[in-house]
2 protein chains.
Amino acid sequence: MTSRKQRRTKIALDAMGGDNAPAELVAGAVEAVAEFDVDVRLVGDEDVLREELARYDVDGLPIRIVPSEGYVREGESPAIALRQNPKASVIVATGLVKFGLADACVSMGSTGATMAAAAFVLGMPEGIDRPAIGGPVLGLAPRTAIIDLGANVDSRPAQLLTFGAIGDVFARKFWGIENPRVALLSVGSEAGKGNNQVKETTELLEKSGLNFIGNIEPNELPFGRAEVVVCDGFVGNVVMKLTEGLGQALASHLRDALRDSLPAEELERVASKVYELNNIVESWGGGPLFGVNGVSIVGHGRARRTGVKRAIATAKRTVESQFVSGLNEELARIRNTVAS
Amino acid sequence: MTSRKQRRTKIALDAMGGDNAPAELVAGAVEAVAEFDVDVRLVGDEDVLREELARYDVDGLPIRIVPSEGYVREGESPAIALRQNPKASVIVATGLVKFGLADACVSMGSTGATMAAAAFVLGMPEGIDRPAIGGPVLGLAPRTAIIDLGANVDSRPAQLLTFGAIGDVFARKFWGIENPRVALLSVGSEAGKGNNQVKETTELLEKSGLNFIGNIEPNELPFGRAEVVVCDGFVGNVVMKLTEGLGQALASHLRDALRDSLPAEELERVASKVYELNNIVESWGGGPLFGVNGVSIVGHGRARRTGVKRAIATAKRTVESQFVSGLNEELARIRNTVAS
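So, here is what we can say about the structure in this document. (Residues numbered from 1 in each chain as written. Chains lettered and ligands numbered in written order. Predicted model: local features only at pLDDT ≥ 70, side-chain atom pairs only at ≥ 80, totals over all residues.)

**Some points on unusual backbone geometry**
Thinking step 1. Following Ala21 of chain B, the chain continues to Pro22 of chain B via a peptide bond in cis, the omega torsion being -5°.
Thinking step 2. Here Pro22 of chain B shows up in the loop between β1 (9-14) and α2 (23-35).
Thinking step 3. In this structure, Asp148 of chain B follows Ile147 of chain B across a cis peptide bond, with omega equal to 10°.
Thinking step 4. Tracing the sequence through the fold places Asp148 of chain B in the loop between β6 (145-147) and α7 (157-175).
Thinking step 5. A positive phi is found at Asp154 of chain A, a non-glycine position, where the angle reads about 55°.
Thinking step 6. Overall, Asp154 of chain A belongs to the partly exposed group, with 14 C-beta atoms counted inside 10 Å. (Helix = DSSP H or I, 4+ residues; strand = E, 2+ residues; numbered from the N terminus. Buried ≥ 20, exposed ≤ 12 C-beta atoms within 10 Å, placed from the backbone.)

**Notes on helix α6 (residues 111-122) of chain A**
All names here are of chain A.
Thinking step 1. Compared with the 16 Å implied by 1.5 Å per residue over twelve residues, the 16 Å span of α6 between its first and last C-alpha is a close match.
Thinking step 2. Of all twelve residues in α6, ten are buried; the element is thus mostly enclosed.
Thinking step 3. Considered for burial, the residues of α6 that qualify are Thr111, Ala113, Thr114, Met115, Ala116, Ala117, Ala118, Ala119, Val121 and Leu122.
Thinking step 4. Summarising the contacts, the buried residues of α6 are in contact with α4 (78-84), α5 (89-98), β4 (104-107) and β11 (295-299).
Thinking step 5. Within two residues after α6, Gly123 carries a phi angle of roughly 80°, on the positive side. (Expected span 1.5 Å × (residues − 1). Contact = placed C-beta atoms within 7 Å.)

**Details of the sheet that holds strand β1 (residues 9-14) of chain A**
Residues and elements named next belong to chain A.
Thinking step 1. Strand order across the open sheet formed by six strands is β3-β2-β1-β4-β11-β10, with mixed pairing between neighbours. At either end of the open sheet lies a strand with only one pairing partner, and these are β3 (63-67) and β10 (286-288). On average, each strand axis in the sheet is inclined to that of its neighbour by 25°, with strand direction left out of account.
Thinking step 2. The pairing of β1 with β4 spans four bridges and is parallel. Across the sheet, Ile11 pairs through a bridge with Ala104, a residue of β4.
Thinking step 3. Contacts between α6 and the sheet are confined to β4 and β11, with β11 contributing the most and set at about 175° to the helix. (Pairing = 2+ DSSP bridges. Axes fitted to C-alpha atoms, helices over the stretch in contact; angles between N-to-C directions.)

**Description of the relation of the copies chain B and chain A**
Thinking step 1. Of the transformation placing chain B onto chain A, the axial shift is 0.0 Å and the rotation is 180°, giving an RMSD of 0.1 Å. The operation mapping one copy onto its partner corresponds to a two-fold rotation axis. The rotation axis passes nearest to the C-alpha of Val235 of chain B in chain B, at a distance of 3.3 Å.
Thinking step 2. When you check the interface residues of chain B against chain A, 100% turn up at the interface there too, and the contact is symmetric in its surfaces. (Least-squares fit on C-alpha atoms with pLDDT ≥ 70 in both.)

**Notes on the interface of chain B and chain A**
Thinking step 1. Facing 38 residues of chain B, the contacting portion of chain A comprises 38 residues.
Thinking step 2. Considering every element that reaches the side of chain B that touches chain A, the biggest residue donor is helix α9 (residues 233-257) of chain B, with 15 residues.
Thinking step 3. Along the lines of polarity and charge, the residues of the side of chain B that touches chain A split into 21 nonpolar, ten polar and seven charged. (Nonpolar A, V, L, I, M, F, W, Y, C, P; charged D, E, K, R; others polar.)

**Digging into the pairing of strand β7 (residues 181-185) of chain B**
Residue and element names in this part refer to chain B.
Thinking step 1. Burial of β7 is extensive: five of the five residues sit out of reach of the surface.
Thinking step 2. Both faces of β7 are covered, namely the face carrying Arg181, Ala183 and Leu185 and the face carrying Val182 and Leu184.
Thinking step 3. Looking at chain direction, β7 and strand β8 (residues 211-216) are connected through five bridges and run parallel. For Arg181, the partnering residue across the bridge sits in β8 and is Asn211.
Thinking step 4. Examined bridge by bridge, β7 and strand β9 (residues 228-230) share three bridges and lie parallel to one another. Paired with Ala183 across the bridge in β9 is Val229.

**Observations regarding the packing of helix α7 (residues 157-175) of chain A against helix α13 (residues 323-339) of chain A**
Residue and element names in this part refer to chain A.
Thinking step 1. For the pair α7 and α13, interaxial distance at closest approach is 9 Å and the crossing angle is 135°. Comparing the axis directions of α7 and α13 gives the class oblique. Crossing of α7 over α13 shows right-handed handedness. Of the residues in α13, those touching α7 at Leu161, Thr162, Ala165, Ile166, Asp168, Val169 and Lys173 are Phe323, Gly326, Leu327, Glu330, Leu331, Ile334 and Val338.
Thinking step 2. Residues belonging to the contact of α7 with α13 are distributed by class as follows: nine nonpolar, two polar and three charged. (Parallel < 35°, antiparallel > 145°, perpendicular 65-115°, else oblique. Left-handed = near helix turned anticlockwise from the far one by under 90°.)

Given below as structure tokens:
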């Protein structure tokens, strides 16, 4: 750790990806290099980025441009787009990590493209077929990481087992929790309740050596009863998006219901808080992609400069936590435990 | 409708089922016969019910006891319990409907037992393998019925199609909506997003003749963009229970956050409203079981007298709406449309 801390973490930022690229991406990067001990490579169209960067006084700051050609649009098939354009910004940014020129890459562009680039360029450790995404999504339970949040649907029980391992390492490395409680999301707390996927996964988690505490019901999620909640990506995505929608709708409801009872400023504070508690993914900026051989941060597509800066901070923290090597060790351990 | 309205609707109440049986069940039934134009048969242990009923002045009211022996406990295997005890209260109550001695049965006991009794005693229309449950679960979208809410997990696409038909008839009969919008819950709004189950169901819904408007994302659920949302029971149960849990947790959050800003009474009103908006299933008392040849109401296990009374009102309304015959016709129509 000592030598790693002595040099700045190098971040490759896909400056062309996301709803607010490139202006807010460059702005966030400039703020990040001024505030944190990071070195940022802005990956994208050289002329465009040079023009954006000229708006700021970055003299002497560790920020520079790495040229790429084009980018993957939201909604494009990632596999096809990457094959057709191997110089797209997200591939070049991921490649900088692969070849040791950056410690982490960050993209606010298409999640599918970031995942495909990471899987293809960085590769995956043994036992992982496809990267996963996860993390805390309920502001009321900020120490409950839900995995997977939508990268994997129709997951096999063996994949759900790896989500448990990922969450375990995440809670240890990011939150310093010694023996994270791992729960399986189901529709009844008794073992044997749930669908076939859940029932088969229960058996694997039970012999995994993880601190598996059994099923958790959806109504218990906001109360922080487990550090890790394992579920299929379809279900995790439902949990994340329903929470976001309810937060938005309830914030509106409160703005109406309390209009005559609270001073405008306090009302706004309360309603915004309800919104934020249910939309925390926006406030992180981004989270690491799990199960790839390197650090790749999937950012929030709508992020503005602050979100971009936070995503860069998350990248730095992920590198420093040595999450990737920790996960690879844990996956190897679980493979041996379950097999034996 | 005329002749039906001229006589009182007869309700068979499983007076032994639910967390607060029999006292609150009898109390709710007494209130119901006093307030609505219904006749209630209390099904259960004769001595126990006679003693409970003696607490009230029911002279001249249309309420009486139908004896049964024992009941199915929450958590018992419904199939085994019903086989071992064919005189259990829920079976006798359902049997009264089967043999025309009641128009509807109501149980606040084990949902599995109520479903099993209805499927076994009343039978199912052609095209239905297993009853479903559904209805509005988001107070912010009170005209959005989600089906299934947990009775069916690992549903086949053909079952999901029947959920669409059920919801269509529900929205017509209960809400008087002429051409209900039917949506499929998925994790992306584009067709082709989602898991295999969703993709295959899309094809069936498209040729169903229902007013299928495509995929709906979970964050859109609170905004009432469809009258009917079709999903697997595992997912629907996650939606229902997560909403309940978030309502509970956010009500607590508001009680803390606004303690110093609002008068106690108003604070309680606001916090309770947030709770209720997210826990509306409690306030209905119960909903009809879909896809059985008769009216069977699955009540909320924790219901007290008001919930029981509301469940009885729901039973009366379900009978009057001729939901069951409407659904059978719609299922026959869809079978022909999809097959052709």
